[in-house]
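Topology and contacts: notes
The chain contents come next:
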Amino acid sequence: MIDKLGPPIAKIFSPIINLIGKSHTKKEKVIGVVVRDKYIQAAEISFKKDKCKVDNFSNQQIAGIGDDQDFLSATTYLSDQVKNALDSIKTKTKDVAISINSSQAQIYNLQIPVMDEDSLREATEIGGFWDQFDETPESLEEFETSYAVVNTNEEIGIMDIVLVTMEKKYVEAYSNIFRLAGYNPVVIDLAPFSHVNAQGIELGQEGFETPNVIFNYTKESKNITISSKKGFQYSELNIIEADQVLLDTVEEVESVETEFWDEIFERLGSQIKQSLVEYETKYEFDPISIVTVVTDKTKIKNLSKGIERHLGDVVVKHYNPEDSMEFSNEAKKYMDSLSNKSLASEAIGIASRKLNSFNLPTNEIISINLLSNFNQVKINRRSKSLGNFCLMISLVF
């Protein structure tokens, strides 16, 4: 097998392998799936002349599990719900990339000495590499880990790394749910990175020369994600219950330009402002000017205005994937049923992920994969593709 040849011979075959890899990757199809307690979203996208089209999109309510039930022991029950929800997608694709809530994982920003890609991969595969950092637990033996190199500064010899950890038992549970439903998990990622990759589809790599800020404001989660080619930052927002009750009614009032609302938005805006300033200071950027909102709120006019009043020259922008992407008629039906179209962000972002068996350059902004055996899956897929090529050649000659 070409995939198992020694380095000198493999180098000779490298151009052929790259051609096979590009062909394989172009044909690779993945369903991006967002999994939450009470709903599942699914999306399938394609590209034509760098224009993204959402071929399939679905948003399905599910029963989930009761408060007295254990997620880890409910995989069979949940797999039935997953299967029923994904049946709404008219596709033959069986590979799935899964995006889950970040509350079940930990995200770390680390700095390490500059290493080449192969050396870093070998060091992390041995085990114990991430245990040496003060920020991480003393032992990560019970955790799956995944990392992404966000920035390499050759001048000072430092690399900025995003490290994600999740207990193995949860990763395995999510994998089993989808396997039992008849699907092949190829990626397990987190919501913040899925949102970033959705922005990457719209803006391209060049759109991250400056900071990209996502304000996720939904009933289940409120956070700020900031990313650029220099670094990544994720911050949970703490909104007191009394403020949240009032903010839930903010679109019903005539104006937020009052002392009463100023006090409420000051508490929210100060947290957002702190995240922006921390990022600007750490990575030496000019003041951030745009914040993009992803929300389940039907209207955000007053919310946006209230925040803008406390962020100076910052513009609060509403994300709408229909502004930059094409949707099939069937996908648009589900989009129109959402309380806010920005809610499709995570599903579209995770749908952009691929297994990438041949480790080719991608347009993904941040590539995290917590799947326990994904490296072996990549090897198996690569070997199969190369084997098919060798068989075809042997039949021709």
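Our structure's up above, just so we're on the same page.
Before going into details, it helps to say that this report is about the structure given with it.

What counts and how
Residues numbered from 1 in each chain as written. Predicted model: local features only at pLDDT ≥ 70, side-chain atom pairs only at ≥ 80, totals over all residues. Heavy atoms only, no water. Buried < 20%, exposed > 50% of the residue type's maximum accessible area, 1.4 Å probe, protein only. Helix = DSSP H or I, 4+ residues; strand = E, 2+ residues; numbered from the N terminus. Contact = heavy atoms within 4.5 Å. Arc of directions from axis to C-beta. Polar contact = N/O pair within 3.5 Å; in protein donor to acceptor, adjacent residues only side chain to side chain. Axes fitted to C-alpha atoms, helices over the stretch in contact; angles between N-to-C directions. Parallel < 35°, antiparallel > 145°, perpendicular 65-115°, else oblique. Left-handed = near helix turned anticlockwise from the far one by under 90°. Nonpolar A, V, L, I, M, F, W, Y, C, P; charged D, E, K, R; others polar. Salt bridge = Lys/Arg side-chain N within 4 Å of Asp/Glu carboxyl O.

Structural notes on helix α9 (residues 301-308)
Of the residues making up α9, those classed as buried are N302, L303, S304, G306 and I307. Taken together, the buried residues of α9 touch β9 (212-217), α8 (259-283) and β13 (315-318).

Quick look at helix α4 (residues 117-126)
Among the residues of α4, those classed as buried are L120, A123 and T124. Angular distribution of buried residues about the axis of α4 spans 95°; they occupy a single face of the element. Exposed residues pointing more than 90 degrees away from the buried face of α4 are listed as E122, E125 and I126. Among the structural elements, β5 (106-113), β6 (143-153) and β7 (158-167) are those in contact with the buried residues of α4. The distance from a side-chain oxygen at the start of α4 to the backbone nitrogen of D118 is 3.1 Å, and the residue carrying that oxygen is D116. Of the residues flanking the end of α4, it is G127, one or two places downstream, whose phi is positive at about 100°.

Some remarks on the packing of α8 against α9
Where α8 contacts α9, the axes come no closer than 9 Å and their chain directions differ by 70°. With respect to α9, the axis of α8 lies roughly perpendicular. Read as a crossing pair, α8 and α9 show a hand that is right-handed. On the side of α8, the interface is formed by F265, L268 and I272, while α9 contributes N302, L303, G306 and I307. Residue classes in the contact of α8 with α9 are distributed as 5 nonpolar, 2 polar and no charged.

Let's talk about the pattern of salt bridges
Under the criterion given, the structure shown has 20 salt bridges. Of the charged contacts, one joins D189 and R353 as a salt bridge, the two residues approaching to 2.8 Å between their closest N and O atoms. Taken together, the positions of D189 in strand β8 (residues 184-190) and R353 in the loop between α11 (345-351) and α12 (374-396) put the pair 164 residues apart, joining distant regions of the chain. The exposure class assigned to R353 is buried, which follows from its relative accessible area of 3%. When the shortest N-O distance is used, the salt bridge between R353 and E364 registers 3.1 Å. On the criterion of sequence distance, the pair formed by R353 in the loop between α11 and α12 and E364 in the loop between α11 and α12 is long-range, its members being 11 residues apart.

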